[in-house]
Every structure is written in structure tokens, then in C-alpha cells.
Amino acid sequence: MTTELWPVLPLEGWKDTYATLHMWTQIVGKIRLAQTPWVNHSWHVTLIPYGMRTFQIDFDFIDYRLIIQTSDGAVQTIVLRPISVADFYGEVMMALRDLDLGVSIHTRPNEVTEPIPKEFRSRFIGKCSPVHFFWSGFDLAVTRFSGRPAPEHPGGVPNLPDSVTREAYSHTVETGTGPHWSEKQ
């Protein structure tokens with residue numbers, strides 16, 4: 001019996017899977033981005049609005065499938081298997097069309113080549129994020145902000161507008177492991 005809760009995943013052995021999965025999560029994340037009003041830090045809602053309906057898209061890495069469910073009970077499932085990013089995109093878009101969800105997204109990867117123009121829904125800055133997955137950077141995170149203004153972020157995040165980064169880090173980030181870059185200044 002093993003005491004390990006998670007399998008060992010050395011990057012060298014699964015870097016191709018990681019790269020493909022990163023692009024697949026960009027496709028799913030961009031569907032939410034295209035359908036949901038912007039919230040600071042990309043903290044968009046779990047259910048995606050579509051007219052009078054909502055829908056959600058979930059990666060199930062236990063049964064290797066992508067599940068798209070609508071508020072009226074319709075479901076489409078895509079088996080996760082070794083296919084190209086373009087084929088995955090085509091299957092996702094076809095499943096959305098089969099559910100009468102006419103969604104279109106910007107097809108270039110974020111934080112990989114070109115960013116998507118964004119509009120803010122609100123300027124509320126008192127914040128603590130939910131635990132969330134940033135599909136663009138392939139990062140699981142939770143963030144707490146003290147409310148104290150932070151020095152202006154220097155920007156320079158690859159292929160992400162400096163204005164988005166500066167808004168995201170306009171206030172001091174509190175961490176359990178040490179000060180954020182803005183607290184070091």
C-alpha cells in the first residue's frame with residue numbers, strides 16, 4: 001500500500017500532455033471569457049450565461065471526459081484522448097452547437113501569443129478570490145488582498161496587457177508563505 005496521495009508526475013515524462021492540456025483548457029476558459037462579463041482577476045462565475053439559459057463546462061480527469069451541461073438538462077460529453085488542439089476545439093464547438101449554444105471565441109492562445117481585449121464589469125477592489133484555476137497560465141490559486149495600495153506593478157507578463165496586470169495587483173497581496181513582490185518594495 002502506498003502512502004502517496006498523488007502520483008509522481010515528472011515534467012519530462014508528461015510535458016507533451018501538459019502542453020496539450022494547457023491549450024485545451026484555454027479553449028474551455030475562453031468560452032467562459034467570451035460569455036461572462038469581466039470581473040477583476042478573471043474571477044468569472046461557474047455557470048456561463050447564454051440568453052435565458054446557463055451552462056457549465058467541466059474537465060473530468062478521472063473518467064477522461066469533458067462535460068457540457070445546460071440549465072435545461074441537456075448534456076454533451078467529449079472523451080478526452082490524444083487528439084490535436086485543433087480537433088479538440090472542433091469537437092467542443094460542435095458539442096456547443098448541438099446544445100444550441102452559438103458561442104465563438106478568439107482562437108489564439110492567451111499568455112502564449114496574443115491577448116484577448118477585455119472590458120471590466122466593475123471597479124470593485126476589496127477582494128479575496130475563490131480558489132480558481134487560471135487556464136491561461138495553467139495555475140491553481142487563491143489570493144487575498146489587504147486593501148492597502150501597492151506600488152505600480154512593472155508589467156511585462158508575456159502577452160498580457162500591462163493594464164490588466166496593474167489592475168490585478170493594484171493592492172497588496174497577502175500570502176501565507178511570505179510577502180508578495182509589492183510588499184518587498
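Residues numbered from 1 in each chain as written. Predicted model: local features only at pLDDT ≥ 70, side-chain atom pairs only at ≥ 80, totals over all residues. Heavy atoms only, no water.

Undergrad: Would you mind going over the overall build of the protein with me for this structure?
TA: Within the protein, the regular secondary structure consists of four helices and eight strands. Mapped from its N terminus to its C terminus, the protein presents α and β elements in the order α-β-β-β-β-α-β-β-β-α-β-α. In the protein, buried positions account for 35% of the 185 residues. Carbon together with sulfur atoms contributes 58% to the accessible area of the protein, which is approximately 11,500 Å² in total. (Helix = DSSP H or I, 4+ residues; strand = E, 2+ residues; numbered from the N terminus. Buried < 20%, exposed > 50% of the residue type's maximum accessible area, 1.4 Å probe, protein only. Areas by Shrake-Rupley, 256 points an atom, 1.4 Å probe, with all protein chains shown as cover.)

Undergrad: Would you mind going over the packing of helix α1 (residues 11-35) against helix α2 (residues 85-98) with me for this structure?
TA: When two helices pack together, you describe them by how their axes are tilted relative to each other and by the distance separating the axes. Their axes nearest at 10 Å, the elements α1 and α2 cross at an angle of 30 degrees. When the axes of α1 and α2 are compared, the pair comes out roughly parallel. In the packing of α1 onto α2, the handedness of the crossing is right-handed. Along its contact with α1, which presents Thr20, Met23, Trp24, Ile27, Val28 and Ile31, the element α2 presents Val85, Phe88, Tyr89, Val92, Met93 and Leu96. (Axes fitted to C-alpha atoms, helices over the stretch in contact; angles between N-to-C directions. Parallel < 35°, antiparallel > 145°, perpendicular 65-115°, else oblique. Left-handed = near helix turned anticlockwise from the far one by under 90°. Contact = heavy atoms within 4.5 Å.)

Undergrad: Would you explain α2 in this entry?
TA: Think of an α-helix as 3.6 residues a turn; residues three or four steps apart then line up on the same face. Between its terminal C-alpha atoms α2 stretches 20 Å, which fits the 20 Å expected from 14 residues at 1.5 Å a residue. All of the buried residues in α2 are Phe88, Val92, Met93, Ala95 and Leu96. Buried residues in α2, looked at end-on, bunch into an arc of 160 degrees, giving them a common side. Opposite its buried face, α2 presents the exposed residues Ala86 and Arg97, each directed more than 90 degrees away. Among the structural elements, α1, β2 (53-60), β3 (65-70) and β4 (75-79) are those in contact with the buried residues of α2. (Expected span 1.5 Å × (residues − 1). Arc of directions from axis to C-beta.)

Undergrad: When you look at the pairing of β2 in this model, what are you seeing that I'm missing?
TA: On a regular strand, each side chain points to the face opposite its neighbour's, so the side chains alternate between the two faces of the sheet. Bridge count for strand β1 (residues 48-50) against β2 is three bridges, and the pairing is antiparallel. Note on β2: the bridge partner recorded for tyrosine 50 is arginine 53. The turn linking β1 back onto β2 is made up of two residues, and glycine 51 within it adopts a positive phi angle of 60 degrees. Sheet topology places β2 next to β3; six bridges connect them, and they run antiparallel. Each bridged residue has a counterpart across the sheet, and for aspartate 60 the counterpart in β3 is arginine 65. Adjacent in sequence and paired antiparallel, β2 and β3 are bridged by four residues, among which tyrosine 64 carries a positive phi angle near 55 degrees. (Pairing = 2+ DSSP bridges.)

Undergrad: Can you help me understand the confidence of the model for the protein in this one?
TA: A low pLDDT means the predicted coordinates there should not be read in detail. Taken as a whole, the protein shows an average pLDDT of 76; of its residues, 75% reach a score of 70 or greater. Within the protein, no element has a lower average pLDDT than helix α4 (residues 181-184), which sits at 37, and none a higher one than β4, at 97. A low-confidence stretch, residues 119-124 stays under pLDDT 50, and its non-local contacts, those more than four residues away or across chains, total nine contacts. For the stretch residues 176-185, pLDDT sits under 50, and the model shows 18 contacts to residues farther than four places along the chain or on other chains. (pLDDT = per-residue confidence, 0-100.)

Undergrad: Explanation requested: the nonpolar core in the structure shown.
TA: The tendency in soluble globular proteins is for nonpolar side chains to be buried side by side. Counting residues in hydrophobic clusters, the biggest one holds 22 residues, and the most contacted among them are Ile31, Phe55, Ile57, Leu66, Phe88, Val92 and Leu96. Where this core is concerned, the elements lending two or more residues are α1, β2, β3 and α2. Filtering out sequence-adjacent residues up to four positions away, phenylalanine 88 remains in contact with Trp24, Ile27, Val28, Phe59, Leu66, Leu80 and Ile83. Leu33, Trp38, Trp135 and Leu160 belong to the second largest nonpolar core, which has five residues in total. (Core = buried A, V, L, I, M, F, W, Y, C linked by side-chain atoms within 4.5 Å.)

Undergrad: Sorry, what's going on with the sheet that holds β1 here?
TA: Within a sheet, each strand pairs with its neighbour through backbone hydrogen bonds, oriented either parallel or antiparallel. Strand order in this open sheet of four strands is β1-β2-β3-β4, and the pairing throughout is antiparallel. Two strands in the sheet have a free side with no partner beyond their single neighbour: β1 and β4. Neighbour to neighbour, the strand axes of the sheet diverge by 20 degrees on average, direction disregarded. Sitting on the sheet, α1 touches β1, β2 and β3, and the angle it makes with β2 is about 165 degrees.

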